[in-house]
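Commentary on secondary and tertiary structure
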Amino acid sequence: MAETIGMRRIRKTLIIHRIVQIALIALLLYMALHFMQKFETAGNMKPFYNSLIITLLIQVALFFPIRKFTEREAIREINAAANDTPSVEESKQLRTQRLIADFIKASVFIFFVVFILTAPPIDFLLSTTFFCCIGTVLSYLQNFNFAVRRRLAGGGTP
């Protein structure tokens, strides 16, 4: 059976996600080194380590909501890719679901951008926010890729 256009689009999306993940990991490393040098010149590394610990705790708290969100997105996208000729009602419902998901993703991203731009110039706060922002995006991309690959391989819901 030939691969549908929707499935090719999903596979290309997964490749793009991988490239973005690599770029974000490089950015995360750069920002970590940047903030580590800032704290090192200040002579106190404890806020840097606390920033990493707080970021890790926030990422653990966000993991399951992000996982559930990406699981629903993966199911929706795979079902849409498998259905070559959706009805008008199915197309409307799919468009509405995609718009809501895009609105949620944009809202989270805008929250981080606005918070970073309006936050006071406290290195501890800025480092934690940068790390959380990059970590959240990475978590979303990795969870989405994992959910899609599991579904494409024939795996069910967890």
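Cut-off values and rules
- Residues numbered from 1 in each chain as written.
- Predicted model: local features only at pLDDT ≥ 70, side-chain atom pairs only at ≥ 80, totals over all residues.
- Heavy atoms only, no water.
- Helix = DSSP H or I, 4+ residues; strand = E, 2+ residues; numbered from the N terminus.
- Expected span 1.5 Å × (residues − 1).
- Buried < 20%, exposed > 50% of the residue type's maximum accessible area, 1.4 Å probe, protein only.
- Contact = heavy atoms within 4.5 Å.
- Phe/Tyr/Trp six-rings, centres within 6.5 Å; stacked < 30°, edge-to-face > 60°.
- Axes fitted to C-alpha atoms, helices over the stretch in contact; angles between N-to-C directions.
- Parallel < 35°, antiparallel > 145°, perpendicular 65-115°, else oblique.
- Left-handed = near helix turned anticlockwise from the far one by under 90°.
- 1 Å grid on protein atoms, 1.4 Å probe; cavity = no way out; pocket = protein on both sides within 12 Å on 5 of 7 lines; lining within 4 Å.
- Points joined across faces, edges and corners; volume = space filled by probe spheres on them.
- Nonpolar A, V, L, I, M, F, W, Y, C, P; charged D, E, K, R; others polar.

1. What to know about helix α3 (residues 88-118)
- Here α3 spans 44 Å end to end across 31 residues, near enough to the 45 Å set by a 1.5 Å rise per residue.
- Three or more residues of α3 are buried, namely Leu 94, Ala 101, Phe 112 and Ile 116.
- Where α3 is buried, its residues touch α2 (46-82) and α4 (123-152).

2. Some remarks on the side chain of Thr 55
- Its place among the elements puts Thr 55 in helix α2.
- Accessibility expressed as a relative area gives 8% for Thr 55, which makes it buried.

3. Regarding the packing of aromatic side chains
- A full pass over the atoms with the stated rule returns 10 aromatic pairs.
- Judged by centre distance (5.8 Å) and plane angle (40 degrees), the rings of Phe 35 and Phe 130 are tilted. With Phe 35 in helix α1 (residues 5-42) and Phe 130 in helix α4, this residue pair connects regions lying 95 residues apart in the sequence.
- In this structure Phe 35 comes out as buried when scored by relative accessible area, which is 2%.
- Here Tyr 140 and Phe 144 contribute two aromatic rings whose centre-to-centre distance is 6.2 Å and whose plane-to-plane angle is 20 degrees, an arrangement assigned as stacked.

4. Some words on the packing of α1 against α4
- For the pair α1 and α4, the least separation of the axes is 9 Å and the interaxial angle reads 155 degrees. As judged from the angle between their axes, α1 and α4 are roughly antiparallel. Regarding α1 and α4, the two cross each other, and that crossing is left-handed.

5. Quick notes on the layout of surface pockets
- The space that makes up the largest pocket amounts to roughly 360 Å³.
- Lining the largest pocket are 14 residues; nearest its centre among them are Ile 66, Lys 105, Val 108, Thr 136 and Tyr 140.
- Contributions of two or more residues to the lining of the largest pocket are made by α2, α3 and α4.
- Here the element with the most residues in the lining of the largest pocket is α3; it accounts for 6 residues.
- Of the residues in the lining of the largest pocket, the class split is 12 nonpolar, 1 polar and 1 charged.

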